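Per-entry structural report
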Amino acid sequence: MKVTNFEDRIHVIDEDSNVTSVIKNIVEPNEQEDAFYVCDVGDMVAKYKTWKTQMPRVEPHYAVKCNDSPIVLSTLASLGLGFDCASKGEISKILKLGVEPSRIIFANPAKPASHIRYANTSDVKMMTFDSASELYKVKKMFPEAKMVLRIRYDAEVAQCRLGVKFGCDPVLEAPHLLQLAHTLGIQVIGISFHVGSGCGDPPVFYKAIGAARKLFDYAEMELGFNMTLLDIGGGYPGDKGTSIDKIAYYVNKGLDDFFEDDTVRVIAEPGRFFVASAYTLVCNVYATRTIGDNQDPNKHTMYFINDGVYGSFNCMLYEDRKVTPQLLKINSTTEYPSSIWGPTCDGMDVIARSIMLPEVNIGDWIVFEDMGAYTLSAASAFNGFPVPKVHLIVDQPTWYFLRDEVCLTNEHFALGNDNIRLGLDDDFSAKPWTYPELPVSMSISRFDISNGEQYQEHVLDYAKP
Ligand SMILES: Cc1ncc(COP(=O)(O)O)c(C=O)c1O
């Protein structure tokens, strides 16, 4: 397969460079203020190698919803991953990469009719379901589909609980749905579950695999289905410093104990794991506001940056997500009470409340790591603030690997860091922003109603905030 749809070229960086040096390279000429991402393609390749080592029996089908950027989809397609698509649009994107329909699972248990028809004409046969109504739709629109029953099996700790929306009860509902499928003559090939995104409860995988085994037995022995697929869903962490070791332990143990026979194909739908740490977001501080005076115990400084919860930080609105701001340049050793706000006019557009930060100046840059998952895919340009551009980088060994092993061509790469800043801030004048000369303090006239006299009151220190 030849991948040809990259929007931008991947910059092959030399061995002395890394994400931080690339960020500095971009901001140091002081010629731009737009927020931007740096995406390290090598990080995704490293994740793939980790997955293969940790869970060799499990075929990852990347969850497209997590980050559907061309670079992510193309790289993962080139590495041979399958894909979990939730809609006609996602399926079409993946098919356009040249991925065979058999490598796609349509893993949305509730699908609009036209999307089912599209799956049919595109030959994407594997689809999940968790209700009777879906079976009736499939019977009418895609009777040859290979259905996978999604059961509910929630982790006790998860950043985003998906069981509230999808997955039937494995004991009370699943047998009836299998019976209905049998009566309708619909082929059921397997069981799927999703324990919840950002799972903090690794043993849940073992228990869920055990529950799936029981349904395999019921479907095969009582109804005569040929059950060949186990789909263990998503939920694997992907931030820097996290690991899938524990989850892998429970998954492998579950497969050994309950699915010893390796004729059953085992797939997973990881999203976050593959992309979270590959993306680093860099935002510019373009305004500050100090609340309270020195006597006020709640005095703090608000910093306004040019990306917020309607853009990349949308994940903060719908999942239990905290981000860690890191200053690219440290201006002081002392830290002060601070908060960080996004650029829109909405009061909800806040990224960090009540944090301690060193002194921050207008024009400074704040770096947020681990911003690849559930950020760009749902970001909007609300209030006219653009979604940040992405700079793609790769280290030389990964470049050789991608180029030689997975059929990328030289056209996809640019050597060196020289033009890495291309495409940013077309209309930004190359003048650094500096504070103008300001009065150190200001007084205003007040009127005293008790004696009718005017007096001067000192109100503000206008020295550099
Ligand atoms: C059906 C399905 N599969 C996979 C995923 C990906 O989950 P994660 O990013 O936690 O791996 C999701 C996330 O919402 C999902 O809904």
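Quick look at the overall build of the protein now. Within the protein, the secondary structure is distributed over twelve helices and 22 strands. Counting only residues that meet the buried cut, the protein has 51% of its 465 residues in that class. For the protein, the proportion of contacts with a sequence separation of at least 24, taken over those separated by at least 6, is 69%.

Turning next to empty space enclosed by the protein. Within the structure shown, the criterion is met by two cavities of 30 Å³ or more. As a volume, the largest cavity reaches approximately 50 Å³. In this structure, the largest cavity is lined by N306, D307, G308, Y310, G311, P343, T344, S380, F382, F385 and P386. Tallied by class, residues from the lining of the largest cavity come to five nonpolar, five polar and one charged.

So, on to the sheet that holds strand β6 (residues 126–129). One closed barrel holds the eight strands; their spatial order is β3-β4-β5-β6-β7-β9-β11-β12, and the pairing between them is parallel. Here the strands of the sheet are splayed against their neighbours by 30° on average, with no regard to which way each runs. Bridge count for strand β5 (residues 104–106) against β6 is two bridges, and the pairing is parallel. Bridged to F106 within β6 is M127.

So, on to the side chain of D364. In this fold, D364 is placed in the loop between β17 (350–357) and β18 (365–368). There is a polar contact of 2.8 Å between the side chain of D364 and the backbone nitrogen of N361. Not counting residues within four places of it along the chain, the set of residues in contact with D364 comprises C283, N284, V285, K329 and N331.

Another aspect to go through is the pairing of strand β4 (residues 82–85). Along β4, one buried face is formed by G82 and D84 and the opposite face, lined by F83 and C85, is buried too. By the bridge criterion, three bridges tie strand β3 (residues 58–63) to β4 in an arrangement that is parallel. Its bridge partner lying in β4, Y62 is registered against F83. Note on the crossover from β3 through helix α3 (residues 70–78) to β4: the handedness is right-handed. One ladder, built from three bridges, connects β4 with β5; its direction is parallel.

Let us now look at the environment of K65. Along the chain, K65 falls in the loop between β3 and α3. When the C-alpha positions of K65 and L376 are compared, they lie 10.0 Å apart, and in sequence the two are 311 residues distant. Those residues in contact with K65 that sit more than four places away from it in its chain are D84, A86, E90, Y374 and S377.

Attention now moves to the site of the ligand. Around the ligand, a shell composed of 16 residues is seen, among which S197, E269, G271, R272 and Y374 lie nearest. The separation between an oxygen atom of the ligand and a polar side-chain atom of H194 is 3.0 Å. Burial of the ligand by the surrounding chains reaches 93%, relative to a free accessible area of 400 Å². Here the shell around the ligand is built from residues that sort into five nonpolar, six polar and five charged.

So, about helix α8 (residues 203–222). The end-to-end C-alpha separation of α8 is 29 Å, in line with the 28 Å expected for 20 residues at 1.5 Å each. Those residues of α8 not exposed but buried are V204, F205, A208, I209, G210, A211, A212, R213, L215, F216 and A219. The secondary structure elements touched by the buried residues of α8 are β7 (146–151), α7 (174–184), β9 (187–193), β10 (197–199), β11 (229–231) and α9 (245–258). Positive backbone phi, at 80°, marks G224, one or two positions downstream of α8.

Where nonpolar side chains cluster on the molecular surface, the patch consists of L317, Y318 and M348 and spans about 300 Å² of accessible area. Along the polypeptide, L317 turns up in helix α11 (residues 315–318).

Below, the discussion takes up the environment of S87. The topology assignment puts S87 in the loop between β4 and α4 (88–96). Spatially, the C-alpha atom of S87 lies 9.0 Å from that of A119, the residues being 32 residues apart in sequence.

Where helix α5 (residues 113–122) meets helix α6 (residues 132–141), the closest approach of the two axes is 10 Å, and the angle between their N-to-C directions is 45°. For the element pair α5 / α6, the angle class is oblique. As α5 packs across α6, the resulting crossing turns out to be right-handed. Here α5 contributes A113, I116, R117 and N120 to the contact with α6, which in turn contributes E134, K137, V138 and M141. Classifying every residue of the contact of α5 with α6 gives four nonpolar, one polar and three charged.

Conventions and cut-offs
Residues numbered from 1 in each chain as written. Predicted model: local features only at pLDDT ≥ 70, side-chain atom pairs only at ≥ 80, totals over all residues. Heavy atoms only, no water. Helix = DSSP H or I, 4+ residues; strand = E, 2+ residues; numbered from the N terminus. Buried < 20%, exposed > 50% of the residue type's maximum accessible area, 1.4 Å probe, protein only. Contact = heavy atoms within 4.5 Å. 1 Å grid on protein atoms, 1.4 Å probe; cavity = no way out; pocket = protein on both sides within 12 Å on 5 of 7 lines; lining within 4 Å. Points joined across faces, edges and corners; volume = space filled by probe spheres on them. Nonpolar A, V, L, I, M, F, W, Y, C, P; charged D, E, K, R; others polar. Pairing = 2+ DSSP bridges. Axes fitted to C-alpha atoms, helices over the stretch in contact; angles between N-to-C directions. Polar contact = N/O pair within 3.5 Å; in protein donor to acceptor, adjacent residues only side chain to side chain. Right-handed = clockwise from strand over helix to strand, strands pointing away. Near = heavy atom within 4 Å. Areas by Shrake-Rupley, 256 points an atom, 1.4 Å probe, with all protein chains shown as cover. Expected span 1.5 Å × (residues − 1). Patch = residues over 30% accessible without salt bridge, like charges linked within 9 Å, V, L, I, M, F, W, Y side chains within 5 Å. Salt bridge = Lys/Arg side-chain N within 4 Å of Asp/Glu carboxyl O. Parallel < 35°, antiparallel > 145°, perpendicular 65-115°, else oblique. Left-handed = near helix turned anticlockwise from the far one by under 90°.

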